[in-house]
Structure formats: C-alpha cells, structure tokens
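Listed here are the chains, written in short residue letters.
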Amino acid sequence: ARAAGLVRVLLTFSRRMPVRPRHFAPDRMLREMRHMLERLVGESVRLELALGAPEATLHADPAQIELAILNLVTNGREAMPGGGVLRLATRRRELGTRETSGLEPGPYLELEVTDTGCGIPREALDKVFEPFFTTKQGKGTGLGLASVYGVARSSGGDVRVESQVGRGTTFRVLLPL
C-alpha cells in the first residue's frame, strides 16, 4: 500500500496520472473518511472535524483531494509524537481581487488542517512544498506536502501554511467552488 501510494504521488508530479474531475461535496467526503482518519492518527491524537460548508461542491478529482487530506493528516500526526489535537475544518470563503495572490476572485472552499504539534521552523517554511524536502530526520520521503501543493494547484487552488515552533501548524487549502 505504501509503494502504491508513493507511485501515485510520483505520477502526480510527472503529470501522468489521469485526472478524473467530477462534482462532489467535500464535507460529505470528510464525514465518510472520518473512521479511516481516526485510525490513521492513532489513539494519542484527538481528531476534530468542524464541517462548515455543507452546501459546497467542488469540481475536482476526489481521489486527489483525498490523497491531499491523507498527506496533511499524516503530516500532522507525525508532528505530535506525544499526542495532541488534529482539527480539520471547512468553510466557504469569498476571495476578492486584493487577497487572491494569484487565484481568481470568487467562491472557494477553505480546508484548514491544524495540529498542536512541534511546529515548523521559520527557515523551513519556504521549503515545505518542495519535492524531497523533509524536516523529519531519517523519516518521510519529502513528497507528502509537495503532492498536496500539486493537487491544490492542479485543481485551480492554492495551499498556505502558518506555523509556530512549539505551538503547531495550520495548512489552508483553497479550492474553487
């Protein structure tokens, strides 16, 4: 399963993985993934879902969005080896012309993944989406966050990160509705 996941990530990078966009409700997807996500984070991490976009519909490849969610959740879990809280929240967000930073103005889904983990050092924040970059000594491939970035961009969106060492990290994935 890990090898298949790695191949899938590599194919996404090389743009050879077929994209099969369709309409789907991200809040529903997260509700259906909840049991799997709880098993993924383990007993020491409390998973919270705050689904605030029940009417939102994306036109994207659900398999790629699911892959991005799994990578963000795995990353959050690994940032909290002693346990903590991992929160996934959704909300509708209207982007205006001033705040878009390269995105088209309009309605977006904001998927926010927040952990109470160790945080990312400031000097590493600019590199976290680069392929093969990792802050985990001897662990990880450095492809998880790079694939999240690739999925967001190929879906017409973006991903942003905020972090404080010792306090945790928040990733915000913006996807056009």
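Treat the numbers as computed from the prediction; the structure is a model and nothing was measured.

Enquirer: Could you give me a rundown of the packing of helix α3 (residues 62-78) against helix α5 (residues 144-154), with the residues and numbers involved?
Expert: Between α3 and α5, the shortest axis-to-axis distance is 9 Å and the interhelical angle comes to 145°. Considering the relative orientation of α3 and α5, their crossing is left-handed. In this structure, α3 contributes Gln64, Ile65, Ala68, Asn71, Leu72 and Asn75 to the contact, and α5 contributes Gly144, Leu145, Ser147, Val148, Val151 and Ser154. Looking at the contact of α3 with α5 residue by residue, the class counts come to 6 nonpolar, 6 polar and no charged.

Enquirer: Explain the side chain of glutamate 112 to me, using residue names and the numbers behind them.
Expert: On the secondary structure map, glutamate 112 appears in strand β5 (residues 106-115). According to the relative accessible area criterion, glutamate 112 is buried, its value standing at 10%. Polar contacts involving the side chain of glutamate 112 include one to the side chain of arginine 91, which spans 3.5 Å. Of note is the side chain of glutamate 112, whose polar atom sits 2.9 Å from the side chain of arginine 172. Each residue touching glutamate 112, except ones within four places of it in the same chain, is listed here: Arg87, Leu88, Ala89, Arg91, Thr170, Phe171 and Arg172.

Enquirer: Break down empty space enclosed by the protein for me, citing the residues and quoting the values.
Expert: Scanning the entire structure with this criterion turns up 2 cavities of 30 Å³ or more. Quantified by volume, the largest cavity comes out at close to 50 Å³. Lining the largest cavity, in full, are Pro26, Met29, Leu30, Leu58, Ile65, Ile69, Thr90, Leu109, Leu111 and Leu175. Contributing elements (two or more residues each) for the lining of the largest cavity: α2 (26-41), α3 and β5. Considering each element in turn, the lining of the largest cavity owes the most residues, 3 residues, to α2. For the lining of the largest cavity, the class distribution of residues is 9 nonpolar, 1 polar and no charged. Taken as a whole, the second largest cavity encloses approximately 40 Å³ of empty space. Around the second largest cavity, the lining residues are Ile65, Ala68, Ile69, Leu72, Leu111, Val173 and Leu175. Of all the secondary structure elements, the ones that give two or more residues to the lining of the second largest cavity are α3 and β7 (168-176). The dominant element in the lining of the second largest cavity, judged by the number of residues it contributes, is α3, at 4 residues.

Enquirer: Describe the sheet that holds β7, with residues and values.
Expert: Judged by pairing direction, the sheet is mixed, and its 5 strands sit side by side in the order β2-β4-β5-β7-β6 without closing on themselves. Two strands lie at the open edges of the sheet, namely β2 (45-52) and β6 (158-164), each paired on one side alone. Neighbour to neighbour, the strand axes of the sheet diverge by 15° on average, direction disregarded. Summarising the sheet, β6 and β7 pair through 7 bridges and their orientation is antiparallel. The partner of glutamine 164 across the bridge, within β7, is glycine 168. In the packing of α5 onto the sheet, contacts are made with β6 and β7, and the angle to β6 comes to roughly 140°.

Enquirer: How would you explain the packing of aromatic side chains if you had to name every residue and give the values?
Expert: What the rule picks out here adds up to 2 aromatic pairs. Ring centres 6.2 Å apart and planes at 75° place the aromatic pair phenylalanine 129 and phenylalanine 171 in the edge-to-face group. Here phenylalanine 129 is found in the loop between α4 (122-125) and α5, whereas its partner phenylalanine 171 is found in strand β7, with 42 residues between them in sequence. Each member of the pair, phenylalanine 129 as well as phenylalanine 171, carries the same accessibility label: buried.

Enquirer: Pulling in residues and values, what's your account of the pairing of β7?
Expert: In terms of burial, β7 is a largely internal element, 7 of the 9 residues being buried. Relative to β7, β5 runs antiparallel, the two sharing 8 bridges. Residue aspartate 115 lies in a different strand from β7, and its bridge partner there is threonine 169.

The rules behind each value
Residues numbered from 1 in each chain as written. Predicted model: local features only at pLDDT ≥ 70, side-chain atom pairs only at ≥ 80, totals over all residues. Heavy atoms only, no water. Axes fitted to C-alpha atoms, helices over the stretch in contact; angles between N-to-C directions. Helix = DSSP H or I, 4+ residues; strand = E, 2+ residues; numbered from the N terminus. Left-handed = near helix turned anticlockwise from the far one by under 90°. Contact = heavy atoms within 4.5 Å. Nonpolar A, V, L, I, M, F, W, Y, C, P; charged D, E, K, R; others polar. Buried < 20%, exposed > 50% of the residue type's maximum accessible area, 1.4 Å probe, protein only. Polar contact = N/O pair within 3.5 Å; in protein donor to acceptor, adjacent residues only side chain to side chain. 1 Å grid on protein atoms, 1.4 Å probe; cavity = no way out; pocket = protein on both sides within 12 Å on 5 of 7 lines; lining within 4 Å. Points joined across faces, edges and corners; volume = space filled by probe spheres on them. Pairing = 2+ DSSP bridges. Phe/Tyr/Trp six-rings, centres within 6.5 Å; stacked < 30°, edge-to-face > 60°.

Such coordinate-based values are descriptive only and should not be taken to indicate function.
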